[in-house]
Amino acid sequence: MTKMSGAQAVIEALKRQKVEAIFGIVGGAVLPIYDVLYETPEIRHILARHEQCAAHAADGYARASGRPGVCMATSGPGATNLVTGIANAYMDSSPVIALTGQVNAFAVNSSYIIGKDAFQEADIIGITTPITKYNYQPKKASEIPRIMKEAFHIATTGRPGPVLIDLPKNVQTETAEMKFTDNVELRGYKPKTSPHPLQVKKAVELLLKAERPIILAGGGVIASNASSELLALAELLMAPVATPLMGKGCFPENHPLSLGDMGMHGTLAANKLILEADVLLAVGTRFSDRTTGKLDEFCSDAKIIHIDIDSAEIGKNVDVDVPIVADAKKTLKAIYQLLISKLQKKESSQWSKRVQEFKEQFKDEISGSEKDLKPLRLMKELRKILPNDAIVATEVGLNQMWAALYFMAYKPRTFISSGGLGTMGFGFPASIGAKVACPDRPVVDVAGDGSFIMTSQDLACSVMEKIPVTVIVLNNSVLGMVAQWQRLFYGRRYSAVDLGNVPDFVKLAEAYGAKGTRVGSLKEFSKAVKKAIKSEVTTVIDVPISPEENVFPMIPAGAGLKGMIESEGEL
Amino acid sequence: MDKKNTIIAAIVEHKPGVLYNVANMFRRRNFNIESISVGPTEQSDLARMTITVKGDEKLIEQMIKQLNKLIDVIKVSRLEPTSIVSREMALVKITTPGAKTRSDIINYADIFRARVVDVSSESLMVEITGDSNKIDAFIDLMKPFGVKEVARTGITALSRGVKSVRIEE
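Residues numbered from 1 in each chain as written. Chains lettered and ligands numbered in written order. Predicted model: local features only at pLDDT ≥ 70, side-chain atom pairs only at ≥ 80, totals over all residues.

Our focus in this paragraph is the domain arrangement of chain A. All names here are of chain A. Split by domain assignment, chain A resolves into domain 1 (2-178), domain 2 (197-361) and domain 3 (375-570). Between domain 2 and domain 3, the C-alpha centre-to-centre distance is 29 Å. Taken together, the contact pairs 25 residues of domain 2 with 25 residues of domain 3. Residue classes in the side of domain 2 that touches domain 3 are distributed as ten nonpolar, nine polar and six charged. (Domains from an automatic or database assignment. Contact = placed C-beta atoms within 7 Å. Nonpolar A, V, L, I, M, F, W, Y, C, P; charged D, E, K, R; others polar.)

This is the structure we're talking about:
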C-alpha cells in the first residue's frame, strides 16, 4: 500500500501497463494528471490539436502495435470531441483507453459537483455507453488502481474494444492508500478462448468433405495474431482466402491463394468465386453489410463455419452451420491439427487451379499513358517503393477503396483503415499513432482531399512532436465516393460534393512547417514518395487526379453479390 | 412468425448505471422491452432483472447473447413458461360515484382475490396480483366504472423446484 493522489495512481497504473505514449489535450479537469505527467519522463505525451485526433492516434497506435493505445482529454468538449474516435475504435474492435476529466464527484468547499451542470460538464458516461466496451467513473481515489487494471484487461482481452475512464477532478487530487494488484476479478466477464472440441470436429468433418472451400478472414485474425495459423490451414486445404477490409494484411496478398478484398468494393475474383464455395470458413469477421451485400444471395448454398470470440456475432447477420466461439488463433490451430492427421497435403487441386484461372482472368491491368495518374498505377507504384513492413493507413472514401483494392498488403498490422464507422479524417491521425508505435518503419496515409481536410490541423502535432509521416492526397477536388453514387444512381446531380481546388495542400503543409509537394507524373510521384519516407518531417504529396475517376467493382447498396457492377462499361 | 412473450432473468451487479447499460443496449439494438422489473436479491451485491420481451426465436437468442456480453451482467437465463411461477402486481384506482358501484367493485375484487387498499368518497384503490392475463381481465372489467389510474409492476418470475439462476459464491 502506498499513499498517493488519484492522479499519481492513474500515471502509476499506466506505467505498470508499460504505456509509452499518451495522445491528448490538456484542460481544466485533467490538470492534476498533467501535473504528474510533467515529472514522468517514461511516458511521452503527444499534444494533439483536436481530441478526435488524439483518439484516432491512440487507435492507430493500437492497430499498428497490438498494444492498447491511450488518449486523454479534459471534461465537457474535450471529452465529447473524443467521441468519434471512440466510436471508430469500437466498431473496429480496437483496444483504446480513453481518460477524461470530469467535474468534482463530491463537494469540496461547496464546489459544484456532477449533475449540477457545472462549467464544462458533460455526461460522457451516458454518451459513451453504447460505443465503449465498458466505462468507469471512480467516485473515490482508492478505486483507481483496480479500475485502471480492469480497464486494460477489458480493452485487450476477448473481442478488444475501447474503455473510457471518467475521472472527476477531486478524485484526481484526493489522496488515498493505493493497492495495486495484478489480479482482475470480473464475474460478468470471462471470455471463452478455447474452442469446444466437438465443434472443431464438426468443422473438420465439413472441411474434409469440401470440394470448394473458401476462407473469409477478418479483423479477428489480426487481433489474435493468427496469421501464421491461417496461412498453414489455407495451404493445407488449398483454400483461397478472401479478406473483408478489416482483415486486409492478415494473409499475404501476393500469395497464390489470396483473393484480396471482398465485399462492396471487393475484387472480382473474391466476389465471384465466393458464390461457388461449398464450405465457407469465416474467421474473426462479423458479416457486415459491406461484406455480404444482400443476405439471401450470400453463400446461400454453402455450409458456413463461423469462428468468433464474441458469441453475439454468431447468427447475428448470417445463419451458420458450425458456430465456434473461441479465439481465432487457438481454433485455427486446433482445426489444423485435427485435419493434418486426416488429410494428405497436396500441391494443387481442381479447385486451386480454378482459383488461379480466376485470378488470372480478373487481374488488374494497367493501361493508358504514364502521364495519366490513375489510382491503380499509383497504388502499384507505392507498393513497389515501400518495404514489406511499411504501414499504410487510409482515409475513407475512394482513396480507401483504391488502396484496399490495389495496394497489396503482405503482413498483418500494415494496413490501417476505418472499416465499421467509415470515419473520414481517421487516416492521418492514425498514421501519427502508428508512427509512434513503429518509429523505424515508413508510415503513409493514403488520403483524399475531402478526408484529409477534416483532421489536417494535426500537421501541427506531427511537426512539433517530430512524428514524420507521408500523406498522399489523391486530390480530385470533390467528395469522390459520394460523387460516384450521384453519378451512378442520381443522374449526375452533383449535390454538395464540389470542394473546389482549395486549399492548396502544398502551401497548407508549408504553413505548418511540414513539406509539401505536388506531382504531375508517375515519375515525380515515385520520386516524391521515396524522398518523403526518408524525410525527418511530415510530407504532404498532392496528387491531382480526375474528379470522374470511379472505383469498380461495386455492389450497389442493397444489392447482392450477383448484382456486382464490374466496370463503368456496364452502366 | 411466432412472437410470444418470453421471460428472461438476468443476475447483474447491484450498482449504479447497470440498468442504464441494459436499457441502452435494448434501445440501441432496436429490441423492445414489454416489461422489466428490477430488485435486489438475497445476495446483497447482486440484483435480478426480470425482462419480458416479444420476438421470434432468433431475436430472443440475440437478446440473450447481447445481454450476456454486457460486463455487469453475470448470468442470463430464459425462463420456460411451463416451469415457472410468474406474477405481476397492479394497483388500480377506480372512480366510485355511488354506494352501489362501490359494492359491485368490492364483489368483483373478491372474485379476483384482489384487495381494496384505499377508499375515499369518490374512489377505491384495489391491489391485485396474478399473471398478466388476470390483471388485464380485471382492468377490463373495471373500465365501465371508470379506471382513473393504473400502476403495474411488470412481470417477475422464478422457475419452479430447485432449479435457480443463482450465482454460487
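Next, the rest of the story.
Residues and elements named next belong to chain B. Here four strands make up an open sheet; going across it, the order is β2-β3-β1-β4 and the pairing antiparallel. Only two strands of the sheet have a single partner each, and these edge strands are β2 (33-40) and β4 (73-79). Averaged over all pairs of adjacent strands, the angle between strand axes in this sheet comes to 20°, irrespective of strand direction. As paired elements, β2 and strand β3 (residues 46-54) share seven bridges and run antiparallel to each other. Note that in β3 the partner of Ser35 across the bridge is Thr52. Contacting β1 (5-13), β3 and β4, helix α2 (residues 57-69) crosses the sheet at an angle of about 160° to β4. (Pairing = 2+ DSSP bridges. Helix = DSSP H or I, 4+ residues; strand = E, 2+ residues; numbered from the N terminus. Axes fitted to C-alpha atoms, helices over the stretch in contact; angles between N-to-C directions.)

So, about unusual backbone geometry. Residues and elements named next belong to chain A. Across the junction of Val502 and Pro503, the peptide omega takes the value -5°, indicating a cis bond. Positionally, Pro503 belongs in the loop between α20 (480-489) and α21 (505-511). Residue Phe552 is joined to Pro553 through a cis peptide bond whose omega torsion reads 0°. Residue position: Pro553 is located in the segment after β20 (539-544). The backbone phi angle of Phe287 is positive, close to 50°, even though this residue is not glycine. Along the chain, Phe287 falls in the loop between β12 (279-283) and α12 (289-292). A count of 24 C-beta atoms within 10 Å places Phe287 in the buried class. (Buried ≥ 20, exposed ≤ 12 C-beta atoms within 10 Å, placed from the backbone.)

As a further point, take the interface of chain B and chain A. Across the contact, 15 residues belong to chain B and 13 residues belong to chain A. For the side of chain B that touches chain A, the secondary-structure elements that each account for two or more residues are α1 (18-28), α2 and β4 of chain B. In terms of residue count, α2(B) provides more of the side of chain B that touches chain A than any other element does, six residues in total. Among the residues making up the side of chain B that touches chain A, the classes are represented as four nonpolar, four polar and seven charged.

A word on the nonpolar core. Formed by 184 residues in total, the largest nonpolar core has its most connected members in Val10(A), Ala54(A) and Cys71(A). Among the elements that line this core, the one with the most residues is helix α3 (residues 51-65) of chain A, at eight residues. In this structure, Val10(A) is in contact with Ile33(A), Leu99(A), Ile144(A), Met148(A) and Leu167(A), ignoring residues within four places of it in sequence. Ala10(B), Val18(B), Ala47(B) and Val73(B) belong to the second largest nonpolar core, which has 21 residues in total. (Core = buried A, V, L, I, M, F, W, Y, C linked by C-beta atoms within 7 Å.)

Residue and element names in this part refer to chain A. By the criterion of burial, strand β18 (residues 470-475) is predominantly enclosed, with six of the six residues buried. Both faces of β18 are covered, namely the face carrying Thr470, Ile472 and Leu474 and the face carrying Val471, Val473 and Asn475. Across five bridges, strand β17 (residues 443-448) lies against β18 in parallel orientation. Of the residues in β18, the one forming a bridge with Ala447 is Val473.

The next point concerns the sheet that holds strand β9 (residues 213-217) of chain A. All names here are of chain A. Read across the sheet, six strands follow the order β11-β10-β9-β12-β13-β14 without closing on themselves; strand pairing throughout is parallel. The sheet is open, and its two borders are formed by β11 (258-261) and β14 (322-325), each paired with just one other strand. Pairwise comparison of adjacent strand axes, ignoring direction, gives a mean angle of 15° for this sheet. Relative to β14, strand β13 (residues 303-308) runs parallel, the two being bridged by four bridges. Looking at β14, one finds that Ile307 is bridged to Ile324.

By the element assignment, Ala532(A) lies in helix α22 (residues 522-532). Sequence separation between Ala532(A) and Pro468(A) is 64 residues, and the spatial gap between their C-alpha atoms is 8.7 Å.

With that settled, consider the domain arrangement of chain B. All names here are of chain B. Under the domain assignment, chain B is made up of domain 1 (5-79) and domain 2 (85-156). Distance from the C-alpha centre of domain 1 to the C-alpha centre of domain 2: 29 Å. Across the boundary between the two partners, domain 1 contributes six residues, which contact five residues of domain 2. Residue assignment for the side of domain 1 that touches domain 2 shows that the elements contributing at least two residues are β2 and β3. When residues in the side of domain 1 that touches domain 2 are grouped by element, the largest group, three residues, is from β2.

Quick look at the pairing of β1(B) now. Residues and elements named next belong to chain B. Across the nine residues that make up β1, a large majority, seven, are buried. Relative to β3, β1 runs antiparallel, the two sharing nine bridges. Residue Ile7 lies in a different strand from β3, and its bridge partner there is Thr52. In this sheet, β4 lies alongside β1 in antiparallel orientation, the contact comprising six bridges. Of the residues in β4, the one forming a bridge with Ile11 is Lys75.

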